[in-house]
Amino acid sequence: MDVLINAFVGLHIIGIASLLGGFLTQMKAMSAGTARFVPAMLHGALTMLVTGVLLVGFREMDGGSVNHIKIGVKLAVLFVVLALVYVKRDEEQVDKAVFGAVGGLTVVNIFIATLWT
């Protein structure tokens, strides 16, 4: 079970890297007002959602404890990010505030995962 959990943790990290990497590649375009949500951002957010839910299930099946409040907060933040990216995915330009919110919430989610014990 440990190998399976570790494999999905790796996939979860790949998802966050895709979401954050897509944001970071558009930073220059954001300052010019031409930023857009690239498909990698949507795919990264979806990967995070699927692998995160599976990780919680695997952890509970393995008999480990899960902080349900932390997972609930992370899930709520991810739903906001996913909703913003999904709704605005076809627009040629995304407002700076919306684009910045996605990047900020992604970083918040990373810090929740790493600092909330």
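As the structure is a computational prediction, the values presented were derived from the model and not from experiment. (Residues numbered from 1 in each chain as written. Predicted model: local features only at pLDDT ≥ 70, side-chain atom pairs only at ≥ 80, totals over all residues. Heavy atoms only, no water.)

Asker: Sorry, what's going on with the environment of Phe99 here?
Answerer: Along the chain, Phe99 turns up in helix 5 (residues 96-115). By relative accessible area, which is 0% here, Phe99 ends up buried. Those residues in contact with Phe99 that lie beyond four places of it in its chain are Phe23, Gln26, Met30, Ala35, Arg36, Phe37, Met41 and Val94. (Helix = DSSP H or I, 4+ residues; strand = E, 2+ residues; numbered from the N terminus. Buried < 20%, exposed > 50% of the residue type's maximum accessible area, 1.4 Å probe, protein only. Contact = heavy atoms within 4.5 Å.)

Asker: Sorry, what's going on with helix 3 (residues 39-61) here?
Answerer: Residues spaced three or four apart along an α-helix face the same direction, because each turn holds 3.6 residues. Under the 1.5 Å per step criterion, the end-to-end length of helix 3 is 33 Å for 23 residues, consistent within 8% with the ideal 33 Å. Of the residues making up helix 3, those classed as buried are Met41, Leu42, Gly44, Ala45, Met48, Leu49, Thr51, Gly52, Leu55, Val56 and Phe58. Close packing links the buried residues of helix 3 with helix 1 (2-25), helix 4 (68-87) and helix 5. In the stretch just after helix 3, Gly63 is the one whose phi turns positive, near 90°. (Expected span 1.5 Å × (residues − 1).)

Asker: Teacher, can you tell me more about the packing of aromatic side chains here?
Answerer: Remark: the centre distance and the inter-plane angle together describe each pair of aromatic rings, the angle taken between the planes. Taken as a whole and judged by the stated rule, the model has three aromatic pairs. Plain terms: the ring middles of Phe23 and Phe99 are 5.1 Å apart, the flat faces sit at 25° to each other, and that makes the pair stacked. Of this pair, Phe23 sits in helix 1 while Phe99 is found in helix 5, placing the two residues 76 residues apart along the sequence. A relative accessible area of 9% means that Phe23 is categorised as buried. Summarising the aromatic geometry, the rings of Phe37 and Phe99 are spaced 5.2 Å apart at their centres and angled 25° between planes, so their arrangement reads as stacked. Linking Phe37 in the loop between helix 2 (27-32) and helix 3 with Phe99 in helix 5, this pair joins segments that are 62 residues apart in sequence. (Phe/Tyr/Trp six-rings, centres within 6.5 Å; stacked < 30°, edge-to-face > 60°.)

As far as function goes, none of this settles anything; it's purely spatial.
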